[in-house]
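# Summary of the model geometry
Here's the letter readout for the chains.
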Protein chains: 2
Amino acid sequence: MVGASLKDVAMRAGVSVRTVSNVVNDFPQVAPETRRRVQQALEELQYRPNAAARLLRAGRSGLVGLVIPEIDSPYFGELASLLVQAAQQYGWTLLVDQTNGDPDRERLLLDGPPGQIVDGLVMSPWAVSPAELRRRADAVPLVLLGEQDAAGLIDHVSVDSVAAAAEATGHLIGLGRRRIAAIGVQPHLANGTAQQRITGYRQALRAAGIPHDPALEMPVTALHRADGARAMRELLEGGHAPDAVFCFSDQLALGALRAALDHGLAVPDDLAVCGFDDIEDGRYGTPSLTTVAPDKAGIAERALSCLADRLKRPPTGAGRRRDPEVPSGDAPPPARRIVAAHRLVVRESTVGRPG
Amino acid sequence: MVGASLKDVAMRAGVSVRTVSNVVNDFPQVAPETRRRVQQALEELQYRPNAAARLLRAGRSGLVGLVIPEIDSPYFGELASLLVQAAQQYGWTLLVDQTNGDPDRERLLLDGPPGQIVDGLVMSPWAVSPAELRRRADAVPLVLLGEQDAAGLIDHVSVDSVAAAAEATGHLIGLGRRRIAAIGVQPHLANGTAQQRITGYRQALRAAGIPHDPALEMPVTALHRADGARAMRELLEGGHAPDAVFCFSDQLALGALRAALDHGLAVPDDLAVCGFDDIEDGRYGTPSLTTVAPDKAGIAERALSCLADRLKRPPTGAGRRRDPEVPSGDAPPPARRIVAAHRLVVRESTVGRPG
DNA sequence: CTGAAAGCGCTAACAG
DNA sequence: CTGTTAGCGCTTTCAG
């Protein structure tokens, strides 16, 4: 006893499957009396439309996927949660998967079951290049998250990292700091996040006439607390002690903060610390963390609305026909680059306790 | 140009779909030469098996679902990440969804697209009762996470929360504390987590001959930092100042910690704080947090191995026939209750800085 | 307004 | 070893 099919319901109600289908899908052209009978049969048999069959035939599952490098990681966690909720507004169910930044897994999720079953995908790529993603975007409507330079190839939403990093650095400069370190350089990653943030950082220094010291730009392998702590320790032990540090993520900042405290430094008096992401831990730690807050809700909302626009076009399913000779009438709309808002949130780690 | 089907490949290779299917599924009985030809056609046409069709026909998608109340929330985030990785060992792709503890959404995910498309489900229910879940477990193999009393109805893995809470409380008592508060009572929730932890807490107090003071047992509406901070403030302002507090989650503890610090208390001297979950924030905060560490990797591994056992039984797909008259030979194995390990991790929030 | 029937892409009897 | 074919459950065209 696994589930009743349309046929079962049709037999019970004494109608054809067509009519049952019409009722299930709320099509108007059904006589009230017929509809009633069908609905009763539906109820009695506990009918649930088979998602696989629907998908095969209609090419729509009502599912959208979110593919991110790490689910644990407060930033992506918060974003995922917001996307799940935003998706409900569109009548979609959002499913999340994790790549760990592994290129093979990024490809697998795109090509395999999740990518095929889903009506559209929101993805934050770390390893696969925009050009390669572009090819898959023919198969699944795709919206990218993050700063990688998709160069107009794919729909894409992110904050202006260059400007945000410049603001954060400017805030530190405004506090009178001069030896400002940057933690979070990641030359090996395909996504341009770190690249853009270091650019903004340097811009702000230059604008203030502060010479740029490469020894203060710390690379990391990942954006976690441990990496931030390690970088801070190196800075402190290397004799390059800064009087402020701008970290490319809150997790890095939290790690750096802990390392500085362990080192006997007072924050913010000896060292001002600024992060990026505005995760919850930063708000409740001691001292609380000054940070760049991307408009996460806005990012979620705009990513999905962007996806919704793509999905207005014909579904990829059933009646589809792949005929290279006959180009599909109207060209797809050009890729969009959406810039989400951000703001600098000043807290204790740069200005101390109020009162 | 959406994708080549088996038929397309068959035509190109000059064989039947059967043979192509055999090659794709790595069946041995294919002549080497034929196999080669087919493989080439596969390659040229960039063939990807259609997941929907496969699922419809074979009743297997290779996907498993994880349904949790909140994706943001470090504990579930870490668990989700571990489950994603463990699933790869089994050749499954794990998809995560969030319910916010909403009963309707819990049901929806079980009945609708995600629940139907997936081969099995790992779920941490908050609102739907075990009895109701039991009914759905006929449709999807289901493994529960957390403490709710499934009473032998459904496979189920969790730590021994009573014992763990007693250990944590015992640690506080061993430190010489006597006015030990508990933060995290949740009488309204269907999952028995809070209930079990308060039970362990009281057990430990009783064992130490410490009278139990209801004014020290603080209810919360959610397990977040803000709730922990609020409860702590009430405790402090209500004149019931404790000398120690056991919080039912690390997030609560982190919130309580911040509130205590804001209040001018020294931790652990004036107030010792212990949490539950061992999330990363607790390890890197100042002071670092003493906590009960559930063996998350073990939970993930055992949940999936449990699911794997269920999946050895016939798939729910295609050839299935629902005939109430003919009971399916062998009864399903009885529900299992798996207890995962935990240990108390002592850090600064109860014993101060070492050295 | 409703029925009959084709077929989405795949797997797996059932032949040969 | 390989070909033919019957569906899985659904949507949808085409007729009434």
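- In the annotation of an unreviewed UniProt entry, the entry for chain A reads LacI family transcriptional regulator, and the organism field reads Planobispora siamensis.

### Considerations on the interface of chain B and chain A
- Listed by partner, the interface residues are 61 residues for chain B and 60 residues for chain A.
- Surface buried jointly by chain B and chain A totals about 5,100 Å² across both partners, of which 56% is contributed by carbon and sulfur atoms.
- Joining chain B to chain A, the criterion identifies ten salt bridges.
- For Arg225(A), the salt bridge is made with Asp281(B), and the minimal N-O distance between the two is 3.9 Å.
- For the pair chain B and chain A, the number of links is 18 residue pairs in polar contact (both at pLDDT 80 or more).
- Only helix H4 (51-58), helix H5 (74-89), strand S2 (93-98), helix H6 (103-111), helix H7 (113-117), helix H11 (225-237), helix H12 (250-262) and helix H13 (280-284) of chain B provide two or more residues apiece to the side of chain B that touches chain A.
- The element best represented in the side of chain B that touches chain A is H5(B), accounting for seven residues.

### Some remarks on the sheet that holds strand S8 (residues 244-247) of chain B
Residue and element names in this part refer to chain B.
- The strand order across the open sheet formed by six strands is S7-S6-S8-S9-S10-S12, and the pairing between neighbours is mixed. The open sheet terminates on both sides in strands that have one partner only, identified here as strand S7 (217-219) and strand S12 (342-345). Here the average twist between neighbouring strands, direction ignored, is 15 degrees.
- The pairing of strand S6 (residues 180-185) with S7 spans three bridges and is parallel. The residue bridging Val185 from the neighbouring strand is Pro219, located in S7.

### A word on unusual backbone geometry
- For the peptide bond that leads from Thr286(A) to Pro287(A), omega is -5 degrees, which places it in the cis range.
- Inspection of the secondary structure assignment puts Pro287(A) in the loop between helix H13 (280-284) and strand S10 (290-294).
- A positive phi angle, close to 55 degrees, is found at Gln46(B), a residue other than glycine.
- Mapped onto the elements of the fold, Gln46(B) is located in the loop between helix H3 (32-44) and H4.

### Things to note about the protein's contact with DNA strand D
- Near DNA strand D you find 24 residues, and of these Leu6(A), Tyr47(A), Thr19(B), Thr34(B) and Arg57(B) are the closest.
- In this structure, a phosphate oxygen belonging to DNA strand D sits 2.5 Å away from a main-chain N or O atom of Leu6(A).
- Ser16(B) places a main-chain nitrogen or oxygen 2.8 Å from a phosphate oxygen of DNA strand D.
- Listed by contribution, the elements that provide at least two residues to the surface near DNA strand D are helix H2 (17-24) and helix H4 (51-58) of chain A together with helix H2 (17-24) and H4 of chain B.

### What about the relation of the copies chain B and chain A?
- Turning chain B through 180 degrees and shifting it by 0.0 Å along the axis lays it on chain A, with an RMSD of 0.1 Å. As the rotation angle and translation indicate, the two copies are arranged about a two-fold axis. Residue Val96(B), judged by its C-alpha, is the member of chain B lying nearest the rotation axis, at 2.4 Å.
- The fraction of interface residues of chain B whose copies in chain A are also interface residues reaches 98%, indicating that both copies meet through the same surface.

### Observations concerning the side chain of Glu217(B)
Residues and elements named next belong to chain B.
- You can see Glu217 is positioned in strand S7.
- A relative accessible area of 13% means that Glu217 is categorised as buried.
- Within the local environment of Glu217, its side chain forms a polar contact with the side chain of Arg202, the two groups lying 2.7 Å apart.
- For Glu217, the side chain forms a polar contact with the side chain of His212, separated by 2.8 Å.

Parameters at a glance
- Residues numbered from 1 in each chain as written.
- Chains lettered and ligands numbered in written order.
- Predicted model: local features only at pLDDT ≥ 70, side-chain atom pairs only at ≥ 80, totals over all residues.
- Heavy atoms only, no water.
- Contact = heavy atoms within 4.5 Å.
- Buried area = accessible area lost by both parts, 1.4 Å probe.
- Salt bridge = Lys/Arg side-chain N within 4 Å of Asp/Glu carboxyl O.
- Polar contact = N/O pair within 3.5 Å; in protein donor to acceptor, adjacent residues only side chain to side chain.
- Helix = DSSP H or I, 4+ residues; strand = E, 2+ residues; numbered from the N terminus.
- Pairing = 2+ DSSP bridges.
- Axes fitted to C-alpha atoms, helices over the stretch in contact; angles between N-to-C directions.
- Near = heavy atom within 4 Å.
- Least-squares fit on C-alpha atoms with pLDDT ≥ 70 in both.
- Buried < 20%, exposed > 50% of the residue type's maximum accessible area, 1.4 Å probe, protein only.

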